[in-house]
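A look at the structure
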Amino acid sequence: MVVVMRPGTEKQDIEKLVQRFEKMGLEVGVTNGVGCTILGLVGDTTTVDMDKISIDPHVERVMRVQEPYKKANRKFHPEDTVVDVQGVKIGGGNFNVIAGPCSVESAEQVTGIAKAVKASGAKMLRGGAFKPRTSPYSFQGMGESGLDLLLEAKKATGLPVVSEIMAPRYAELFEEKVDLVQIGARNMQNFDLLKEVGKMSKPILLKRGLANTYEEWIMSAEYIMAAGNENVILCERGVRTFETYTRNTLDLSAIPAVKRMSHLPIIVDPSHAAGMYWMVEPLALAATAIGADGLIIEVHNDPAHAKCDGQQSLTPEKFDALMKKVESLRAWRASCEE
Ligand code: PEP
Ligand code: MN
């Protein structure tokens, strides 16, 4: 962290600030330039509140040279993190696909889709039981009974299950019934929820917020990690931009950028980014080509009658065709890296 003092600040005022930083356990390098003095703070500055420093009347500017996150930071943890969900690995060269309906609707629906996506190569089953809907009049999900139907589908197929948690009070329920706990885009900065899932033993799938920067997203991962849960998978699902043609704009730059910033695995959700089934395949292939650690794709046996997100859901047949292309692309990527 660098602190630029206001021109003409008295020596004793600089000294007072230096002592304040030293009390915080930081080393301070003082550079006296022409007309202004610069303090270089060395040490763990993650907990230093920049606002409290910039309020000092002798301070002109405060700048961070180091990121405000530590546990999620690639600098302190150069190797890729591999998250293991009941034996299914994601990250560090392990690529896997999660698929299933937006919402669990019935036993036949979810088990049928689970069997189909497994046959096509999916390694985990997704299905919402508690749904964050824009309208209170839309289908809100089956709740706990939806999680039980997911577990039936797991029993029938062996696929670990992914579902979204909406509030801290469900932590115990999800700890018991869900293998990978999803934090949805709308809850990316629900800090109470992040702290709660940070205490869980289950890995977390953290979706990027609708309008959040990479740093804010990684800071949310840091919340979960700081509370004790280091098994976090990030998920790019498109962000809100001026473009209205697509539901969201898939930010493919997030993959190389976030991989440079953090050691956590990053997967892509082309379904919620596109909002249209026919665009899911090209976006999924682009994400695979650019080095995503996996995909999460909505699949429905009867998209026209789906209770949620049918317009962006692939039929099992279309999903199967996509998986064949994903596999060829993965093989091509591997041959390029040889
Ligand atoms: C979902 O995965 O069903 C979902 C609601 O996703 P998001 O939070 O990305 O909108
Ligand atoms: Mn959905």
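Residues numbered from 1 in each chain as written. Chains lettered and ligands numbered in written order. Predicted model: local features only at pLDDT ≥ 70, side-chain atom pairs only at ≥ 80, totals over all residues. Heavy atoms only, no water.

The protein chain has the name 3-deoxy-7-phosphoheptulonate synthase in an unreviewed UniProt entry, where Candidatus Flavonifractor merdigallinarum is given as its organism.

Scanning the protein chain for helices and strands turns up eleven helices and 14 strands. Expressed along its principal axes, the backbone C-alpha trace of the protein chain runs to roughly 75 × 45 × 40 Å. For the protein chain, the proportion of its 338 residues judged to be buried stands at 52%. For the protein chain, the share of sequence-separated contacts (at least 6 apart) that also reach a separation of at least 24 residues comes to 68%. Accessible surface, the protein chain: about 15,500 Å² in total, of which carbon and sulfur atoms supply 52%. Taken together, the 40 basic and 44 acidic charged side chains of the protein chain have centroids lying 1 Å from each other. (Helix = DSSP H or I, 4+ residues; strand = E, 2+ residues; numbered from the N terminus. Buried < 20%, exposed > 50% of the residue type's maximum accessible area, 1.4 Å probe, protein only. Contact = heavy atoms within 4.5 Å. Areas by Shrake-Rupley, 256 points an atom, 1.4 Å probe, with all protein chains shown as cover. Lys, Arg positive; Asp, Glu negative; His and termini not counted. Charge placed at Lys NZ, Arg CZ, Asp CG, Glu CD.)

Protein-derived ligands of the manganese ion (ligand 2) are Cys-102 (SG), His-272 (NE2), Glu-298 (OE) and Asp-309 (OD), with the metal-ligand distances lying across 2.0 to 2.4 Å. For the manganese ion (ligand 2), the donor residues sit on a single chain with the sequence spacing C-x169-H-x25-E-x10-D. Here Glu-298, found in strand S14 (residues 294–298), pairs with Asp-309, found in the loop between S14 and helix H11 (316–337); they are eleven residues apart in sequence, far enough to count as distant. Each member of the pair Glu-298 and Asp-309 is classed as buried. (Donors = N, O, S within 2.8 Å, 3.2 Å for Na, K, Ca; no water.)

Strand pairing in a sheet is mediated by backbone hydrogen bonds. Such pairs are either parallel or antiparallel. One open sheet accounts for four strands, arranged S2-S3-S1-S4; its pairing is antiparallel. With partners counted over all chains shown, the strands left at the sheet margins are strand S2 (27–32) and strand S4 (59–63), one partner each. This sheet shows a mean twist of 20 degrees between the axes of neighbouring strands, independent of strand direction. Pairing of strand S1 (residues 2–5) with S4 involves four bridges; the strand directions are antiparallel. Bridged to Met-5 within S4 is Val-59. Sitting on the sheet, helix H1 (residues 11–23) touches S1, S2, strand S3 (37–42) and S4, and the angle it makes with S3 is about 5 degrees. (Pairing = 2+ DSSP bridges. Axes fitted to C-alpha atoms, helices over the stretch in contact; angles between N-to-C directions.)

Residue pairs three or four apart in sequence face the same way in an α-helix, which turns once every 3.6 residues. Taking 1.5 Å per residue as the helical rise, H1 with its 13 residues ought to reach 18 Å, and the 18 Å between its terminal C-alpha atoms agrees with that figure. Listing the buried residues of H1 in full gives Asp-13, Ile-14, Leu-17, Val-18 and Phe-21. The arc enclosing the buried residues of H1, seen along the axis, measures out at 140 degrees, which places them on a common side. The outward face of H1, more than 90 degrees from its buried face, is lined by the exposed residues Lys-11, Gln-12, Lys-16 and Lys-23. In this structure, the buried side of H1 is in contact with S1, S2, S3, helix H2 (50–54) and S4. Gly-25, located one to two residues past H1, shows a positive phi value of around 85 degrees. (Expected span 1.5 Å × (residues − 1). Arc of directions from axis to C-beta.)

The subject of this paragraph is the nonpolar core. Grouped together as the largest cluster of nonpolar side chains are 71 residues, with contacts concentrated most on Phe-174, Leu-206 and Phe-319. When near neighbours in sequence (up to four residues on either side) are disregarded, Phe-319 contacts Val-97, Ala-99, Val-117, Ser-120, Ala-122, Ile-297, Val-299 and Leu-314. Within the second largest apolar cluster, 15 residues are counted, among which are Met-5, Phe-21, Leu-26 and Ile-53. (Core = buried A, V, L, I, M, F, W, Y, C linked by side-chain atoms within 4.5 Å.)

Turning our attention to the environment of Gln-312. With respect to the element layout, Gln-312 can be found in the loop between S14 and H11. Spatially, the C-alpha atom of Gln-312 lies 16 Å from that of Pro-132, the residues being 180 residues apart in sequence. The contacts of Gln-312, once residues within four sequence positions are left out, are Arg-247, Ser-271, His-272, Gly-275, Met-276, Tyr-277, Val-280 and Glu-298. A distance of 3.3 Å separates the side chain of Gln-312 from the side chain of His-272, its partner in a polar contact. (Polar contact = N/O pair within 3.5 Å; in protein donor to acceptor, adjacent residues only side chain to side chain.)

Turning next to the layout of surface pockets. If a probe as big as a water molecule is rolled over the atoms, it shows which places are left empty. Of the volumes computed, that of the largest pocket is approximately 370 Å³. As for the largest pocket, its lining consists of 24 residues, and the residues nearest its centre are Pro-132, Arg-186, Arg-237, Arg-247 and His-272. Per-element accounting of the lining of the largest pocket gives the leading share, three residues, to strand S9 (residues 161–164). For the lining of the largest pocket, the residue count by class is six nonpolar, eight polar and ten charged. One number sums up the size of the second largest pocket: a volume of about 190 Å³. (1 Å grid on protein atoms, 1.4 Å probe; cavity = no way out; pocket = protein on both sides within 12 Å on 5 of 7 lines; lining within 4 Å. Points joined across faces, edges and corners; volume = space filled by probe spheres on them. Nonpolar A, V, L, I, M, F, W, Y, C, P; charged D, E, K, R; others polar.)

At Gln-86, a residue that is not glycine, the phi angle is positive and equals roughly 50 degrees. Overall, Gln-86 belongs to the exposed group, its relative accessible area being 53%. Its identity as a non-glycine residue notwithstanding, Asp-309 has a phi of 60 degrees, on the positive side.

According to UniProt, the positions carrying the feature "domain: DAHP synthetase I/KDSA" (unreviewed entry) are residues 82–327. Secondary structure across residues 82–327 comprises 38% helix and 16% strand; the distance between its end C-alpha atoms is 20 Å. (UniProt positions renumbered as here; feature names shortened; annotations may be inferred.)

Put simply, side chains in a regular strand alternate between the two faces of the sheet. Residues of S9 alternate between two faces, with Val-161 and Ser-163 on one and Val-162 and Glu-164 on the opposite face, all of them buried. The pairing of strand S8 (residues 124–126) with S9 spans two bridges and is parallel. Residue Arg-126 lies in a different strand from S9, and its bridge partner there is Val-162. Both S9 and strand S10 (residues 180–183) contribute to a ladder of three bridges, which runs parallel. Residue Val-162 lies in a different strand from S10, and its bridge partner there is Leu-180.

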